[in-house]
Amino acid sequence: MRDHDDQTRRRFLTTGVAAAGLTLVLPDFVAGQTLPATPECKDSHEATIRQTEGPFFKPRSPQRNDLREPGFNGTPIVISGFVLTRSCRPLANALVDLWQADAAGEYDNKGFRGRGHIFSDSEGRYQFTRIEPARYPGRTRHYHVKVQAANRPVLTTQLYFPNEPGNDRDPIFRKELLMRLAGAAPAAARFDFVLDIA
Ligand code: FE
């Protein structure tokens with residue numbers, strides 16, 4: 001057990017160095033841990049890959065950063081990151097709109113459970129508390145998201161969990177859209193969106 005803890009700590013310390021320049025302050029429960037950027041922007045200036053919206057997007061989701069509510073229960077997870085340009089410039093006030101299946105693999109198409117949007121802060125950061133979605137037939141575990149800087153085209157994509165057995169069997173899955181994860185129950189996840197803006 002101790003070996004495992006030490007290994008985990010070393011991994012975070014090492015990857016924390018790689019994330020220098022875009023260091024993200026994580027919530028208290030993972031204090032001392034640093035999640036690496038996705039991607040490391042010094043290496044990659046590619047915009048985040050677009051993916052299909054799927055059949056369950058609903059416009060006009062409520063503005064809220066905590067998607068937990070009565071009837072929408074499951075393992076909590078805090079997802080945070082930056083909204084960036086291709087030159088790694090943080091974008092303030094960018095829309096981040098998320099929708100997801102619940103812990104039974106169902107989307108709420110009547111109401112807005114599992115749906116919400118926020119805007120990145122003055123340093124381009126966003127943060128959501130939500131639950132881990134269930135897998136549903138034909139798909140590995142995923143979140144849906146739309147990201148948009150003011151008066152710019154919408155990026156529609158999906159986010160995935162590392163080490164999911166279903167990833168390799170899902171033809172839509174792309175490893176470039178894997179979140180970085182740390183901790184457990186609740187876990188912290190990081191994903192940085194790179195918009196196709198110079
Ligand atoms: Fe879906």
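First, a word on what this report is: a plain description of the structure on this page. These figures come from a predicted structure and were not determined experimentally.

### Quick notes on the pattern of salt bridges
Link 1 in the chain: Under the counting rule described, the total for this entry stands at 11 salt bridges.
Link 2 in the chain: Residue Arg 64 is joined to Glu 69 by a salt bridge in which the shortest nitrogen-to-oxygen separation is 3.2 Å.
Link 3 in the chain: The exposure class assigned to Glu 69 is partly exposed, which follows from its relative accessible area of 25%.
Link 4 in the chain: Where Asp 66 meets Arg 68, a salt bridge forms, and the shortest distance between an N and an O atom there is 2.9 Å.
Link 5 in the chain: Each of Asp 121, Glu 123 and Arg 125 takes part in salt bridges that share partners, so that together they form one network.

### Digging into the coordination of the iron ion
Link 1 in the chain: Listed as protein donors to the iron ion are Tyr 107 (OH), Tyr 136 (OH), His 142 (NE2) and His 144 (NE2); their distances from the metal cover 1.9 to 2.1 Å.
Link 2 in the chain: Taken together, the 4 donor atoms coordinating the iron ion and their angles of 92 to 154° define a geometry best described as irregular.
Link 3 in the chain: Using a relative accessible area of 17% as the deciding quantity, one classes Tyr 136 as buried.
Link 4 in the chain: Assessed through its relative accessible area of 2%, His 142 is described here as buried.

### Examining the environment of Arg 135
Link 1 in the chain: On the secondary structure map, Arg 135 appears in the loop between β4 (125–131) and β5 (142–148).
Link 2 in the chain: As a C-alpha pair, Arg 135 and Glu 106 span 29 residues in sequence and 9.3 Å in three-dimensional space.
Link 3 in the chain: Contacts of Arg 135, omitting those with residues within four sequence positions, involve Gly 105, Arg 141 and Glu 164.

### Focus: the nonpolar core
Link 1 in the chain: Membership of the largest hydrophobic core comes to 28 residues, with the highest contact counts inside it found for Val 83, Val 96, Tyr 126, Val 147, Met 179, Phe 193 and Leu 195.
Link 2 in the chain: Elements represented by at least two residues in this core include exactly β1 (76–84), β2 (95–99), β4, β5, β6 (155–160) and β8 (187–190).
Link 3 in the chain: Excluding its chain neighbours within four sequence positions, the residues that come into contact with Phe 193 are Thr 48, Phe 82, Val 83, Leu 84, Val 96, Tyr 126, Val 145, Val 147, Leu 155, Thr 157 and Leu 159.

### Concerning unusual backbone geometry
Link 1 in the chain: Here Asn 151, not a glycine, exhibits a phi torsion of approximately 60°, which is positive.
Link 2 in the chain: By the element assignment, Asn 151 lies in the loop between β5 and β6.
Link 3 in the chain: Looking at Asn 151, the relative accessible area reads 82%, which means it is exposed.
Link 4 in the chain: Even without being glycine, Asn 163 reaches a positive phi, approximately 60°.
Link 5 in the chain: Summarising the element assignment, Asn 163 is placed in the loop between β6 and β7 (180–182).

### Considering the environment of Lys 58
Link 1 in the chain: Summarising the element assignment, Lys 58 is placed in the loop between α1 (2–18) and β1.
Link 2 in the chain: The buried category is assigned to Lys 58, whose relative accessible area is 18%.
Link 3 in the chain: For the pair formed by Lys 58 and Phe 112, sequence separation is 54 residues and the distance between their alpha carbons is 8.3 Å.
Link 4 in the chain: When sequence neighbours within four positions are dropped, the list of residues in contact with Lys 58 reads Asp 108, Asn 109, Lys 110, Gly 111, Phe 112 and Arg 115.
Link 5 in the chain: Among the polar contacts made by the side chain of Lys 58, one reaches the main-chain carbonyl oxygen of Lys 110 at a distance of 3.1 Å.
Link 6 in the chain: At a separation of 2.9 Å, a polar atom in the side chain of Lys 58 contacts the main-chain carbonyl oxygen of Gly 111.

### What about the environment of Thr 129?
Link 1 in the chain: With respect to the secondary-structure elements, Thr 129 resides in strand β4.
Link 2 in the chain: What makes Thr 129 buried here is its relative accessible area of 15%.
Link 3 in the chain: Spatially, the C-alpha atoms of Thr 129 and Arg 68 are 7.3 Å apart, while their sequence positions differ by 61 residues.
Link 4 in the chain: In contact with Thr 129, not counting residues within four places along its chain, are Asn 65, Asp 66, Leu 67, Arg 68, Ile 77 and Val 78.

### Quick word on the sheet that holds β5
Link 1 in the chain: Across the sheet, which stays open at both edges, the 4 strands sit in the order β3-β2-β5-β6 with antiparallel pairing between neighbours. Strands with a single pairing partner mark the edges of an open sheet, and in this sheet they are β3 (115–119) and β6. The mean inter-strand angle of the sheet, taken between neighbouring strand axes irrespective of direction, is 25°.
Link 2 in the chain: Inspection of the sheet shows β2 paired to β3 by 5 bridges, in the antiparallel sense. Residue pairing for β3: Leu 95 is matched across the bridge by Phe 119.

Conventions and cut-offs
- Residues numbered from 1 in each chain as written.
- Predicted model: local features only at pLDDT ≥ 70, side-chain atom pairs only at ≥ 80, totals over all residues.
- Heavy atoms only, no water.
- Salt bridge = Lys/Arg side-chain N within 4 Å of Asp/Glu carboxyl O.
- Buried < 20%, exposed > 50% of the residue type's maximum accessible area, 1.4 Å probe, protein only.
- Donors = N, O, S within 2.8 Å, 3.2 Å for Na, K, Ca; no water.
- Tetrahedral: all angles 85-135°; square planar, octahedral: opposite > 155°, others 65-115°.
- Helix = DSSP H or I, 4+ residues; strand = E, 2+ residues; numbered from the N terminus.
- Contact = heavy atoms within 4.5 Å.
- Core = buried A, V, L, I, M, F, W, Y, C linked by side-chain atoms within 4.5 Å.
- Polar contact = N/O pair within 3.5 Å; in protein donor to acceptor, adjacent residues only side chain to side chain.
- Pairing = 2+ DSSP bridges.
- Axes fitted to C-alpha atoms, helices over the stretch in contact; angles between N-to-C directions.

Function cannot be inferred from these measures alone, as they are strictly geometric.
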